[in-house]
Structures are given as C-alpha cells and as structure tokens.
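Residue-level listing of the chains:
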Amino acid sequence: MPLQFQTLINSRYDVVILGAGPSGSTASLYLSQKGIRHLLIDKCEFPRDKICGDALSGKVVYTLNRVAPGLVDEMVQLKEAFHPSWGISFYAPNGKNLEVPFKTDRSTDGRAPGFIASRADFDNFLFSKAKAGTADVVTSIEANQVDFEKDSVNILFSNGESTTASILIDATGAHSKLARLLDIKMEPLHHSAGLRQYYEGVEGLDADGFIELHFIKDILPGYFWIFPMTNNRANVGIGMLSDSVSKKKVNLKEELKKIIEHHPEISNRFKNAKPLESPRGWGLPMGSKKRNISSDRFIITGDAASLIDPFTGEGIGNGMISGRFAGEVCELALQENRFDADFLKEYDKRVYKYLGPEFRMSHQLQKMVNYPSLFNFVVNKGRKSKEFRDTLTAMFESVDLRKKFRDPRFYLRLLLNK
Ligand SMILES: Cc1cc2nc3c(=O)[nH]c(=O)nc-3n(C[C@H](O)[C@H](O)[C@H](O)COP(=O)(O)OP(=O)(O)OC[C@H]3O[C@@H](n4cnc5c(N)ncnc54)[C@H](O)[C@@H]3O)c2cc1C
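Being a predicted model, the structure only gives us computed values, none of them experimental. (Residues numbered from 1 in each chain as written. Predicted model: local features only at pLDDT ≥ 70, side-chain atom pairs only at ≥ 80, totals over all residues. Heavy atoms only, no water.)

A. Structural context of the nonpolar core. Membership of the largest hydrophobic core comes to 73 residues, with the highest contact counts inside it found for Leu56, Leu64, Phe82 and Phe122. Tallying contributions element by element places helix α8 (residues 316-336) first for this core, with 8 residues. Here Leu64 is in contact with Pro69, Leu71, Val72, Met75, Phe122, Leu126 and Met320, once residues within four sequence places are set aside. Formed by 21 residues, the second largest nonpolar core is a distinct cluster that contains Phe90, Ile116, Leu213 and Val379. (Core = buried A, V, L, I, M, F, W, Y, C linked by side-chain atoms within 4.5 Å. Buried < 20%, exposed > 50% of the residue type's maximum accessible area, 1.4 Å probe, protein only. Helix = DSSP H or I, 4+ residues; strand = E, 2+ residues; numbered from the N terminus. Contact = heavy atoms within 4.5 Å.)

Right, here's the structure in full:
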C-alpha cells in the first residue's frame, strides 16, 4: 500500500528517487537488494502510459537478471502482456529487408532475448516489484522544488509537504527540471521527436516477433516502425531527428498517415486494421553528446540524463542500466559518507564506460541513414550472404564488432565478396 503522505513529514531518507519509470524503479530495486532505506516518488498513479515503441531489448533482460533475478521468468509467464521478440528487421530505402536476429544462438532455453510490452504493463510490473522492496513509495505527488543544503537535500512536494535525503536520484524523464542545473537542455541535433499509434489487426506481423524498422526514402533521415504486440495489436510509429523536423518543416502526423494510407506495400497491411488511439508524441533525448550527469548530492538517470541510443531509439534498457549504476554509487557514497560532486563523478564514469562506445557507434550509424544508397547496398549484401548476416548479428551483440561499420575496408570486403 502506498504510504499516507503525512508519515513522510520530517522523515529523513538515505536516498530519494524522483520518478518510478524504468530508471527509477531499477535504482529502487538495486537499493532494496542492498537494504538501503529510500523513498520512491512518482507524480502518476500506476499503471500509467508512456509514449514509446515498447520494445524491451536484451539489455532490459540483462539488467533485470542483475538487480532482481527471477523477474524475467515471471515476465515469460505473463503471456497476455509480454510478446517475445527474436530480432529486428531493417527495411532499406529500396524496400528490401534484412532480418538480424538479436542472438546468433537460438538454442539456449527457448526463451526469447527480448520482448514487446505496452509501457502501461511493463512499467507497472517493474513498479510493483520496486514497491515490494525496502522502499517507501508514494504516487500522485509531484516534486516541485529541490533545495540543496550543506548536509542534505530537501524536496518540496506539490501538496506542500517535504522530505529530506542524503542524496537524490532524478529519474523524472525527458522533462527533468533538475537536468537544467547541469545545463542539459533540448538540443535539436541530439534529440528526436517520435509519434506512437496503437493498432489492432495489422497484417503480416512476424511470427517470431521481429520488430520492423522501415527507412522509407521520403522520410529519411527518419524511420517508420511496426512492432508486434500481444492480442493482435501493434505499436506503430515514426521518429526523426528534431533538427531535421524543424529544418525540413516535417509534419510527422501527416507523414505517418501518408505511409499507413498510401505506401505501396505498407498500406496493404493496414487495410483491415483499426487504430486504437490518435497518434501521440514525445521527445527522445539522445546520448550522442556526453553530459555531466551528477553533481553535489544528486545523480541524473535515464531520459533525464539524455541516455537514449541515437540509432535504435532504445532508452528503456539504457535507463535501467543507469538506474543500477546510480544505486551502486549511492551505496558507495553512503558507505564513505561522501556526497560531493567529485565523489559522485564515479557514476558518470560507470555510465559512459558502459554506454559511451555504443553511443559513438550509433551516432555514426545515425549519420549513415543520410546516405540511402549505402544503406541499400548493406541490406542487399546482407540478403545474399548468410555469413554477412551472421556478422551483423554478432555486431549487434558486440560493440567492438560494430566498429567495423566505421572502417572503409569493411565496405571494400563487402564489395569484393560476391
Ligand atoms: C516515440 C518513442 C518511442 C520509443 N521507443 C522505444 C523503444 O521501443 N524501446 C526503448 O527501449 N525505448 C524507447 N523509447 C525511449 C523510452 O521511452 C525512454 O528512454 C524511457 O521511458 C526512459 O525511462 P525513464 O525511467 O528514464 O523515464 P520515464 O519512463 O519517462 O519515467 C519518468 C517518470 O517520472 C515521473 N515524473 C516526472 N516528473 C516528476 C516529478 N516532478 N515528480 C515525481 N515524478 C515525476 C513520471 O510520471 C514517470 O513515471 C521511445 C521513446 C519515444 C518518445
């Protein structure tokens, strides 16, 4: 049961987490694992929606296995909510597709490496697990003001009450106010705009739950997606770098409608489909620029810290990874009684050591989208050569291998390899 808020007045916590999305709930799961007293606050009541593509990658599975072993087993059993996904299908501007499995080896235990689940379902699942830990949990209250004192951080809430902590984790998502203290703001070259529209009855969805990314010529450098879900539903959407949206004066809603109604192949798949909502938009703050993501007595995670992958748009797994690192560094800070910016820089180091190489690589791939013929060439080659497909799969599993995309010799070898 959520606490009566009055019980929090004058209480002091080791850690307060603002926001109980994937990043905040993961930080909470980690702190609970370590028995650390903390408060988890969200302005919404769960289940709540979040505009998203709803694709849960292997990173989500990996992080859950680290912070709360057993949860993935439960997800597999919740067949109404979690749709298994084995890979990704890239459609090049020439309309040809290349299927890249998430894993080279399918033998394991028959369990898919990824899932697709509505964020209402996934976030509620994760939040309910966080609630069952050592956290005090309050929902439907917004943090309105944060004051940093010498020995504490004080948080003032929308109902006029307040609480105090040794350290604060900001997991409030793309519209974080605290992020501005670290000069993190919306930068069109490092930010994408996205629209989501749930559908029922889209035809031709992949039986193995492959998610589809379509790089359609008319909307480059943007992309259109169809992600299969449970109960004959699909998450359909469009995304584009915000800089291109404004420079090219693109109306994403119109482009989405045009593809669904008029694209020569895609529109056929929608002829018996029913939209379950109007298209809804949200921003994607991306990790293509390195930022300061901690300071005295606070740490910023997930979208608040701009940690979305610039090529794939993946932010759930990255947010969860940052939530785990935030938990680890809070644990260290409490052990050492050190909450100063210098000490908390350890958090920045861990995040960028893990995600930095991926961000750099994905930023390069994001730029490749501007060269449709190169994209067509890579996909055509991949269709013809199993060896190349296996290499691509391995590349998605390993950042070191992805470096090949930057190496001109890689394309030369492709050219020579019939
Ligand atoms: C169109 C679109 C498609 C996407 N597709 C994918 C995809 O398929 N796969 C993927 O991995 N990622 C995808 N992403 C990115 C993903 O949605 C985000 O990266 C992810 O939600 C980040 O999680 P988070 O916990 O950091 O923030 P959020 O999920 O935004 O959670 C923030 C929480 O903080 C709460 N909050 C906000 N302000 C306050 C406050 N002042 N006080 C208290 N609580 C507060 C909110 O209610 C919310 O619950 C997509 C994003 C968009 C926009």
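B. Region of the structure containing the sheet that holds strand β3 (residues 55-56). Strand order in the open sheet formed by 3 strands is β3-β7-β4, and the pairing between neighbours is antiparallel. Among the strands making up the open sheet, the edge pair consists of β3 and β4 (83-85). (Pairing = 2+ DSSP bridges.)

C. Structural view of the site of the ligand. What surrounds the ligand is a group of 35 residues, the closest being Ser23, Asp42, Gly53, Arg119 and Asp303. Separating a nitrogen atom of the ligand from a backbone N or O atom of Ala55 is a distance of 3.0 Å. In the environment of the ligand, an oxygen atom lies 2.9 Å from a nitrogen or oxygen atom belonging to the side chain of Arg119. Protein contact buries 94% of the 1,000 Å² of open area that the ligand shows by itself. At the level of elements, α1 (22-33), β2 (38-42), β14 (223-228) and β17 (280-285) are the ones that each hand at least two residues to the shell around the ligand. The element contributing the most residues to the shell around the ligand is β17, with 3 residues. (Near = heavy atom within 4 Å. Polar contact = N/O pair within 3.5 Å; in protein donor to acceptor, adjacent residues only side chain to side chain. Areas by Shrake-Rupley, 256 points an atom, 1.4 Å probe, with all protein chains shown as cover.)

D. The arrangement of the packing of helix α2 (residues 58-67) against α8 in detail. The geometry of α2 relative to α8 is characterised by a closest axis approach of 8 Å and an angle of 25° between their N-to-C directions. With respect to α8, the axis of α2 lies roughly parallel. Remark: the crossing between α2 and α8 carries left-handed chirality. Contacts from Lys59, Val60, Tyr62, Thr63, Leu64, Arg66 and Val67 of α2 reach α8 at Ile316, Gly317, Asn318, Met320, Ile321 and Arg324. (Axes fitted to C-alpha atoms, helices over the stretch in contact; angles between N-to-C directions. Parallel < 35°, antiparallel > 145°, perpendicular 65-115°, else oblique. Left-handed = near helix turned anticlockwise from the far one by under 90°.)

By themselves, these figures tell us nothing about what the structure is for.
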